[in-house]
Amino acid sequence: MGEAREVMDRLTDAVTTHADLKVIGELYAEDAVAFTPDEGELRGRDSIVEYWRAMTEAVPEATFQSLHSYEVGDTAIDEGIFSGRNTGPLELPNGETLPPTQKEIRIRGVDIATVRDGRIVDYRLYFDEMDFLGQLGLLPDEPF
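Residues numbered from 1 in each chain as written. Predicted model: local features only at pLDDT ≥ 70, side-chain atom pairs only at ≥ 80, totals over all residues. Heavy atoms only, no water.

Participant: Would you take a moment to explain the environment of Ala-54 for this structure?
Facilitator: Position of Ala-54 relative to the elements: it lies in helix α3 (residues 45-58). A residue is classified by how much of its surface remains accessible, and Ala-54, at 15% relative accessible area, is buried. Sequence spacing of Ala-54 and Leu-90 is 36 residues, and the spatial spacing of their C-alpha atoms is 7.1 Å. (Helix = DSSP H or I, 4+ residues; strand = E, 2+ residues; numbered from the N terminus. Buried < 20%, exposed > 50% of the residue type's maximum accessible area, 1.4 Å probe, protein only.)

As structure tokens, this is what we get:
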């Protein structure tokens, strides 16, 4: 196992099984950049840690089931299923906060992390945001 794979596995553990914002912060370079479907581009370690804080508070007992795991050079790629119950407040990109829905979610997604000197410098997260919102019951009943 290479460095990228080890760092990605530690990140997954720190976001799910053993949620730990300090560890998450240690895994990202100070000037890291992340792209997410719900928040768009995040620049800098602090912004990325804040993103994960909101997610770990919204779904505090989340799990990740790995479906495919790859490492190519300095980049690790995971495809899997993030699941759990929304028991914490959900922070929206516009700054609003929604109360917990108490609904179970099961979202298939892909993470890509490029690692240099033991820290993530570029991170990309892909998941179907409409599926996520639908499972939380946050979409209107009528089609758009």
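Participant: Looking at this structure, I do not really get the environment of Gly-95. What am I missing?
Facilitator: Along the chain, Gly-95 falls in the loop between β5 (90-91) and β6 (97-98). Looking at Gly-95, the relative accessible area reads 60%, which means it is exposed. When the C-alpha positions of Gly-95 and Gly-84 are compared, they lie 23 Å apart, and in sequence the two are 11 residues distant.

Participant: Explain the environment of Glu-41 here, please?
Facilitator: Mapped onto the elements of the fold, Glu-41 is located in strand β2 (residues 40-43). Considered as a pair, Glu-41 and Gln-102 are 61 residues apart in the sequence and their alpha carbons are 28 Å apart. Those residues in contact with Glu-41 that sit more than four places away from it in its chain are Val-33, Ala-34 and Phe-35. Engagement of the side chain of Glu-41 in a polar contact is seen with the side chain of Arg-43, the distance being 2.5 Å. (Contact = heavy atoms within 4.5 Å. Polar contact = N/O pair within 3.5 Å; in protein donor to acceptor, adjacent residues only side chain to side chain.)

Participant: Got a minute to help me understand the pairing of strand β3 (residues 63-72) in this structure?
Facilitator: Consecutive side chains of a regular strand alternate in pointing toward one face of the sheet and then the other. In this sheet, strand β4 (residues 75-85) lies alongside β3 in antiparallel orientation, the contact comprising 9 bridges. Residue pairing for β4: Phe-64 is matched across the bridge by Phe-82. Between β3 and the antiparallel strand that follows it, β4, lie 2 residues; Gly-73 among them carries a positive phi value of about 60°. (Pairing = 2+ DSSP bridges.)

Participant: Sorry if this is basic, but what is going on with the side chain of Thr-114 here?
Facilitator: Here Thr-114 shows up in strand β7 (residues 104-116). Not counting residues within four places of it along the chain, the set of residues in contact with Thr-114 comprises Asp-74, Thr-75, Arg-119, Ile-120, Val-121 and Asp-122.

Participant: What should I look at first to understand the side chain of Asp-38 in this one?
Facilitator: Structurally, the position occupied by Asp-38 is in the loop between β1 (28-36) and β2. Buried and unpaired, Asp-38 has Arg-53 as its nearest opposite-charge partner, separated by 12 Å. Among the polar contacts made by the side chain of Asp-38, one reaches the side chain of Thr-36 at a distance of 3.2 Å. (Lys, Arg positive; Asp, Glu negative; His and termini not counted. Salt bridge = Lys/Arg side-chain N within 4 Å of Asp/Glu carboxyl O.)

Participant: Quick question: what am I supposed to make of the UniProt feature "domain: SnoaL-like" (unreviewed entry) in the protein here?
Facilitator: Under the UniProt annotation, "domain: SnoaL-like" (unreviewed entry) lies at residues 10-123. The straight-line gap between the two end C-alpha atoms of residues 10-123 is 14 Å; of that span, 24% is helix and 49% is strand. (UniProt positions renumbered as here; feature names shortened; annotations may be inferred.)

Participant: How do you make sense of a negative patch on the surface when you look at a structure like this?
Facilitator: Negative charge collects at one region of the surface, where Glu-3, Glu-6, Glu-71 and Asp-117 lie side by side. Looking at the element boundaries, Glu-71 is found in strand β3. (Patch = residues over 30% accessible without salt bridge, like charges linked within 9 Å, V, L, I, M, F, W, Y side chains within 5 Å. Areas by Shrake-Rupley, 256 points an atom, 1.4 Å probe, with all protein chains shown as cover. Charge placed at Lys NZ, Arg CZ, Asp CG, Glu CD.)

Participant: Looking at this structure, I do not really get α3. What am I missing?
Facilitator: Think of an α-helix as 3.6 residues a turn; residues three or four steps apart then line up on the same face. For α3, spanning 14 residues, the distance from its first C-alpha to its last is 20 Å, which sits close to the expected 20 Å at 1.5 Å a residue. Taken residue by residue, α3 has Ile-48, Val-49, Tyr-51, Trp-52, Arg-53, Ala-54, Met-55, Thr-56 and Ala-58 as its buried positions. (Expected span 1.5 Å × (residues − 1).)

Participant: Could you clarify how one ought to interpret the sheet that holds strand β8 (residues 119-127) in this entry?
Facilitator: One key point about sheets: their strands pair by backbone hydrogen bonds, in either a parallel or an antiparallel sense. Strand order in the open sheet formed by 6 strands is β2-β1-β8-β7-β4-β3, and the pairing between neighbours is mixed. A single partner strand is all that each edge strand has here, and the edge strands are β2 and β3. Direction aside, the axes of adjacent strands within the sheet are offset by 15° on average. As judged from the 4 bridges shared by β1 and β8, these two strands associate in the parallel manner. When the sheet's bridge partners are listed, Ala-34 is paired in β8 with Tyr-123. Strand contacts of helix α1 (residues 3-15): β1, β3, β4, β7 and β8, with the helix running at about 10° to β4, the strand carrying the most contacts. Running at roughly 55° to β1, α3 makes contact with β1, β2, β4 and β8 of the sheet. (Axes fitted to C-alpha atoms, helices over the stretch in contact; angles between N-to-C directions.)

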